[in-house]
Amino acid sequence: MKLYEVMEIALMYLGLNDEIKVQGGNRTPISNKKLKILLRCANVIYGEIASDYLGLKKKETLAVIEGKIAYQSFAQRVIDVIKVLKDGEKIDFTVYPNYLEVSSQGLVDVVYHYLPEDLTLDDEIAYGTGLSPVTFAAGIAGEYSLVNNMYDEAFAFEKKFREGLRAALTSG
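Residues numbered from 1 in each chain as written. Predicted model: local features only at pLDDT ≥ 70, side-chain atom pairs only at ≥ 80, totals over all residues. Heavy atoms only, no water.

A. Looking closely at the nonpolar core. Grouped together as the largest cluster of nonpolar side chains are 50 residues, with contacts concentrated most on M7, L38, I69, L100, V110, F136 and I140. Elements with a minimum of two residues in this core: α1 (3-14), α2 (33-54), β1 (57-64), β3 (77-86), β6 (99-102), β7 (106-115), α3 (133-147) and α4 (151-171). Sequence-distant contacts of V110, defined by excluding residues within four places in its chain, comprise K58, K59, E60, L62, I69, F74, V81, K83, V84 and L100. (Core = buried A, V, L, I, M, F, W, Y, C linked by side-chain atoms within 4.5 Å. Buried < 20%, exposed > 50% of the residue type's maximum accessible area, 1.4 Å probe, protein only. Helix = DSSP H or I, 4+ residues; strand = E, 2+ residues; numbered from the N terminus. Contact = heavy atoms within 4.5 Å.)

B. Summary view of the packing of α1 against α3. Where α1 meets α3, the closest approach of the two axes is 8 Å, and the angle between their N-to-C directions is 55°. Of the possible angle classes, the one that applies to α1 and α3 is oblique. Crossing handedness for the pair α1 and α3: right-handed. The residues of α3 that touch α1, namely those facing L3, V6, M7, I9, A10, Y13 and L14, are P133, V134, F136, A137, A138, I140, A141, Y144 and S145. (Axes fitted to C-alpha atoms, helices over the stretch in contact; angles between N-to-C directions. Parallel < 35°, antiparallel > 145°, perpendicular 65-115°, else oblique. Left-handed = near helix turned anticlockwise from the far one by under 90°.)

C. Summary view of unusual backbone geometry. Unusually for a residue other than glycine, D87 sits at a positive phi of about 55°. Within the fold, D87 resides in the loop between β3 and β4 (89-91). The exposure class of D87 is exposed, given its relative accessible area of 74%. The residue N149 is not glycine, and still its phi comes out positive at about 60°. Relative to the helices and strands, N149 is located in the loop between α3 and α4.

D. Inspection of the pairing of β3 at higher detail. Bridge count between β3 and β7: seven bridges; the pairing is antiparallel. The residue of β7 that forms the bridge with V84 is V110. In this structure, β3 lies alongside β4, joined through three bridges in antiparallel fashion. Bridge pairing in β4 links K86 to E89. In this antiparallel pair of consecutive strands, β3 and β4, the connection spans two residues, and D87 shows a positive phi of 55°. (Pairing = 2+ DSSP bridges.)

E. Here's a closer look at the pairing of β7. Bridge count between β1 and β7: eight bridges; the pairing is antiparallel. Directly across from K57, in β7, lies its bridge partner H113.

F. Quick peek at the packing of aromatic side chains. With the rule as written, the count across this model stands at six aromatic pairs. Aromatic pair F74 and Y112: ring centres 4.9 Å apart, planes at 90°, arrangement edge-to-face. With F74 in the loop between β2 (68-70) and β3 and Y112 in strand β7, this pair connects stretches of sequence that are 38 residues apart. Side by side, F74 and Y112 carry an identical accessibility label, which is buried. When the centroid spacing of 6.5 Å and the interplanar angle of 70° are considered together, the rings of Y112 and Y114 count as edge-to-face. The cationic tip of K68 hangs over the ring face of Y99; the distance from NZ or CZ to the ring centre is 4.5 Å. (Phe/Tyr/Trp six-rings, centres within 6.5 Å; stacked < 30°, edge-to-face > 60°. Lys NZ or Arg CZ within 6 Å of the ring centre and 35° of its normal.)

So, to be careful, I would describe these as geometric facts and stop short of saying anything about function.
Right, here's the structure in full:
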C-alpha cells in the first residue's frame, strides 16, 4: 500500500479531503502548508510503528576502526543493536551516542533494528504486523490534530490508533 492511500483516509477523518488531494491529476502541491504538516505527522507515526511495533531488522557487515563503528557507517538509521558477530560468534559491544565500541578489529556483522527512511506520498509502506491502513490513518490524524491544538480530536484519534495497534499485535 502506498502512503497516499493511507493519507486519503486521514484526510477524510480530518475533513480535509475536499481541500487536499494526494493523488491524481489535481494533486495538491507538496509545498502546501497543511500537506507538509500531514507528511511530517505521517513520518512521525511511521517511525513510531517501525520502532515500537515492526522491529525492522537488518544484518550488515561493517569495518571496525580503532575498536569503533560510527553510526554514520550504517546503511540505515540505528534504533538499537541486537548483536555483533565476528566469524559467526557473538562478541562484546558497548553502545555510545555516536558510535558502537566492539571488542574486535576488521570486519564484523552487526544485527540491528532500524528506523526506515521518511516516506513520500508515492512510497510503499512496509507492514508486517497486520496493521490496517485505517489504524495508520488514525495515528496521522491524531498527530495532526495535536499539532493544530485540536485536543479532543487528537485524543479520539489517538485512542483509535492505540486500539488498532493492540488489535494488530494480539491477532498476529
